[in-house]
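# Report on the structure
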Amino acid sequence: MRLSAKSRYAVSALMHLAIHNDAGAVPLSEVSVCQGISMSYIDQIFWKLRRAGLVRGTPGPGGGYRLGRPAQTISIGEIITLMDGQGGPRRANSSLDDKLWSGLAEQIETFLRGITLADFATRPEIREAMQRQYGRGPWRCDVCGALSNRRQLPTGAG
């Protein structure tokens, strides 16, 4: 499994959506600014995410993107594989090298497929920060300072 900049950005963008998913559609411009990803790159990433059904768009004023499936069904490994492919067989320098690295690669892949967006988004410290942020009415993103009018996060949502 490879881990490119594109897959790291895709994971960050989907984490942003997972954290903000209960508050409504998230504009791509917000994801771009908050995650420090150029709009042209975010467009390429979201094109692929849309085709895979990981996000769905809402057009028009107040539109943006939401997760296409529940956060607990989207694994970090799935996102990385979608963006980078399976990663081909690597050339081993020796039999020992092959055994070591193929076994390690399998463990890493299994680990990443076991972590979901919900595992991060439902952490108590993340939920508390969102409650504070959404509880103020129109709020400013703590990361980028953008003003948002998305609705307040319901208590106990997740």
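The chain carries the name Rrf2 family transcriptional regulator in an unreviewed UniProt entry, which gives Spiribacter onubensis as its organism.

## Concerning the packing of aromatic side chains
The geometry of an aromatic ring pair is captured by two quantities: the separation of the ring centres and the angle between the planes. Counted by the stated rule, this structure contains 2 aromatic pairs. Look at Tyr9 and Tyr41: their rings are 5.6 Å apart centre to centre, the planes differ by 90 degrees, and that puts the pair in the edge-to-face class. With Tyr9 in helix α1 (residues 5-20) and Tyr41 in helix α3 (residues 39-51), this pair connects stretches of sequence that are 32 residues apart.

## Some thoughts on the pairing of strand β2 (residues 64-67)
Summarising the sheet, strand β1 (residues 55-58) and β2 pair through 4 bridges and their orientation is antiparallel. Among the inter-strand pairings, Val55 is bridged to a residue of β2, identified as Leu67.

## Looking at the nonpolar core
In terms of nonpolar packing, the biggest core is built from 31 residues, with Leu14, Leu17, Phe46, Ile79 and Leu117 touching the most fellow members. Those elements that place two or more of their residues in this core are α1, α2 (28-35), α3, β2, α4 (76-84) and α6 (117-121). The greatest single-element share of this core, amounting to 8 residues, is contributed by α1. In this structure, Ile79 is in contact with Ala10, Val11, Leu14, Leu54, Ile74 and Leu117, ignoring residues within four places of it in sequence.

## Overview of the pattern of salt bridges
For the structure on display, the rule yields 1 salt bridge. In this structure, the salt-bridge partner of Glu78 is Arg69, at a minimum N-O distance of 2.7 Å. Overall, the relative accessible area of 27% leaves Arg69 in the partly exposed class.

## Section: the side chain of His16
Inspection of the secondary structure assignment puts His16 in helix α1. Classification of His16 by relative accessible area gives buried; the value is 5%. Residues contacting His16, with those up to four places away along its chain left out, are Val26, Glu30, Val31, Cys34 and Gln35.

## Section: the packing of α1 against α2
Interhelical geometry of α1 versus α2 gives an angle of 115 degrees and a closest axis separation of 10 Å. Judged by the twist between their axes, the crossing of α1 over α2 is right-handed. Across from Ser12, Ala13, His16, Leu17 and His20 in α1, the residues of α2 making contact are Glu30, Val31, Cys34 and Gln35. Class assignment for the residues of the contact of α1 with α2 results in 4 nonpolar, 4 polar and 1 charged.

## Some points on α1
For α1, built from 16 residues, the straight-helix expectation of 22 Å at 1.5 Å per residue is met to within 8% by its first-to-last C-alpha distance of 23 Å. When α1 is considered as a whole, its buried residues turn out to be Ser7, Ala10, Val11, Ala13, Leu14, Met15, His16, Leu17, Ala18, Ile19 and His20. For α1, the N-terminal cap is Ser4; the gap from its side-chain oxygen to the backbone nitrogen of Lys6 is 3.3 Å.

## Things to note about α4
Within α4, 7 of the 9 residues are buried, which leaves the element mostly enclosed by the surrounding structure. Buried within α4 are the following residues: Ile76, Gly77, Ile79, Ile80, Thr81, Met83 and Asp84. Elements in contact with the buried residues of α4: α1, α3, α5 (95-113) and α6. Where α4 terminates, the next one or two residues include Gly85, which has phi positive at roughly 80 degrees.

## A short note on the environment of Met83
Residue placement: Met83 occurs in helix α4. Residue Met83 is classed as buried on the basis of its relative accessible area of 6%. Along the sequence, Met83 and Ala5 sit 78 residues apart, while their C-alpha atoms lie 9.6 Å from each other. Beyond its immediate stretch of four places on either side in the chain, Met83 contacts Lys6, Ser7, Ala10, Ile45, Lys48 and Leu49.

Rules of the game
- All chains use their own residue numbering, which begins from 1 and follows the written sequence.
- The model is predicted, so local features are restricted to residues of pLDDT at least 70 and side-chain atom pairs to those at 80 or more, both for listing and for counting; the totals for chains, interfaces and linings are taken over all residues.
- Note: side-chain values were computed over all heavy atoms of the structure, leaving out hydrogens and water.
- Stacked, tilted and edge-to-face are the three classes assigned to paired rings of Phe, Tyr and Trp, where Trp is represented by its six-membered ring and a pair needs centres within 6.5 Å; plane angles under 30 degrees give stacked, over 60 edge-to-face, the rest tilted.
- By the criteria applied, helices consist of DSSP H or I runs no shorter than four residues and strands consist of E runs no shorter than two, each listed in order from the N terminus.
- At least two DSSP bridges between two strands are needed for those strands to be called paired.
- Nonpolar cores are built from buried Ala, Val, Leu, Ile, Met, Phe, Trp, Tyr and Cys residues. Side-chain atoms within 4.5 Å join them into one set.
- Each residue's exposure class comes from its accessible area (1.4 Å probe, protein chains only) as a fraction of the maximum for that residue type: buried when under 20%, exposed when over 50%, partly exposed otherwise.
- The contact criterion used is simple: two residues touch if any of their non-hydrogen atoms lie within 4.5 Å.
- The term salt bridge refers to a side-chain nitrogen of Lys or Arg lying within 4 Å of a carboxyl oxygen of Asp or Glu.
- Helix axes are fitted to C-alpha atoms over the stretch in contact, other axes to C-alpha atoms as well, and angles between N-to-C directions run from 0 to 180 degrees.
- For any helix crossing, the convention is left-handed if the near helix is rotated counterclockwise from the far helix by under a right angle, and right-handed if that rotation is clockwise.
- Each residue is assigned to one of three groups, with Ala, Val, Leu, Ile, Met, Phe, Trp, Tyr, Cys and Pro labelled nonpolar, Asp, Glu, Lys and Arg labelled charged, and all others, Gly among them, labelled polar.
- Here the expected span of a helix is defined as 1.5 Å times the quantity of residues minus one.
- Two N or O atoms form a polar contact when they lie within 3.5 Å of each other; inside protein one atom must be a possible hydrogen donor and the other a possible acceptor, and for residues adjacent in sequence the pair counts only when both atoms belong to side chains.

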